[in-house]
Amino acid sequence: MTEQEIREMPAGREIDLLIGKYVMHELYVEPPAWSVDIALAWEVVERLRSEDKPLAVIPRDNDWLVGSAKALPIWRLVSMAAETAPLAICRAALLAVGA
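Note that the structure is a prediction, hence the values are computed from the model and not measured. (Residues numbered from 1 in each chain as written. Predicted model: local features only at pLDDT ≥ 70, side-chain atom pairs only at ≥ 80, totals over all residues. Heavy atoms only, no water.)

K.L.:
Explain the packing of helix H2 (residues 13-22) against helix H4 (residues 85-96) to me, please; I cannot follow it from the model alone.
P.N.:
Between two packed helices, what matters for the description is the angle formed by their axes and the separation of those axes. One way to put it is that H2 packs onto H4 with a least axis distance of 10 Å and a crossing angle of 45°. Compared by their axis directions, H2 and H4 come out oblique. With respect to the hand of their crossing, H2 and H4 are arranged in left-handed fashion. Side by side, H2 and H4 meet where Ile 15, Leu 18, Ile 19 and Tyr 22 of the first sit next to Leu 87, Cys 90, Arg 91, Ala 93 and Leu 94 of the second. When the residues that make up the contact of H2 with H4 are grouped by side-chain class, the tally is eight nonpolar, no polar and one charged. (Axes fitted to C-alpha atoms, helices over the stretch in contact; angles between N-to-C directions. Helix = DSSP H or I, 4+ residues; strand = E, 2+ residues; numbered from the N terminus. Parallel < 35°, antiparallel > 145°, perpendicular 65-115°, else oblique. Left-handed = near helix turned anticlockwise from the far one by under 90°. Contact = heavy atoms within 4.5 Å. Nonpolar A, V, L, I, M, F, W, Y, C, P; charged D, E, K, R; others polar.)

K.L.:
Looking at this structure, how should I read the pattern of salt bridges?
P.N.:
Close approach of charged atoms allows side chains with opposite charge to pair. In this structure the tally under the stated criterion is four salt bridges. Among the ionic pairs, Glu 3 bridges to Arg 7, the shortest N-O distance being 2.7 Å. On the criterion of helical spacing, the pair formed by Glu 3 and Arg 7 is a turn pair, its members being four residues apart in helix H1 (residues 3-8). For Glu 3, a relative accessible area of 28% puts it in the partly exposed group. Residue Arg 7 is classed as partly exposed on the basis of its relative accessible area of 32%. Arg 13 is paired through a salt bridge with Glu 30; the nearest N and O atoms lie 3.7 Å apart. Of this pair, Arg 13 sits in helix H2 while Glu 30 sits in the loop between H2 and helix H3 (38-50), and the two are 17 residues apart along the sequence. Residue classification places Arg 13 among the partly exposed positions, given a relative accessible area of 46%. (Salt bridge = Lys/Arg side-chain N within 4 Å of Asp/Glu carboxyl O. Buried < 20%, exposed > 50% of the residue type's maximum accessible area, 1.4 Å probe, protein only.)

K.L.:
Before we go on, may I ask you to explain the side chain of Ser 35 in this structure?
P.N.:
The residue Ser 35 is located in the loop between H2 and H3 in this model. A relative accessible area of 1% places Ser 35 in the buried class. Discounting residues that sit within four places of it in the chain, Ser 35 has contacts with Ala 11, Gly 12, Ile 15, Asp 16, Thr 84, Pro 86, Leu 87 and Cys 90.

K.L.:
Just to check I follow, could you spell out H3 for this structure?
P.N.:
Three- or four-residue spacings in an α-helix give side chains the same orientation, since the helix completes a turn every 3.6 residues. For H3, which comprises 13 residues, the first-to-last C-alpha distance of 18 Å matches the rise-based estimate of 18 Å (1.5 Å per residue) to within 8%. When H3 is considered as a whole, its buried residues turn out to be Ala 41, Val 44, Val 45 and Leu 48. Looking straight down H3, one finds that the buried residues subtend no more than 95° of arc, so they occupy a single side. Opposite the packed face of H3, turned more than 90 degrees from it, sit the exposed residues Ala 39, Arg 49 and Ser 50. (Expected span 1.5 Å × (residues − 1). Arc of directions from axis to C-beta.)

Distances and angles like these do not, on their own, reveal function.
Next comes the structure, spelled out in structure tokens:
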């Protein structure tokens, strides 16, 4: 999956399935609604924090920015913006784990 595909992915079942697989390390038939529910999205933040991949969640005027430092051959800051915090968290989480 490319970074552009992740940036364009809407909230919903598809992204929630990817969060289940790549972040929560479980396969779901009906995944929790991480991309639309802030309480569930915070579970994603906590999971990554426990794996030493913390996310920073920043409110802006018209959207939310979520970022993380990602170790590649060199360190790189990855960030995602979305109209809702849960969607921004899910997008950034997928980038942070290299989905």
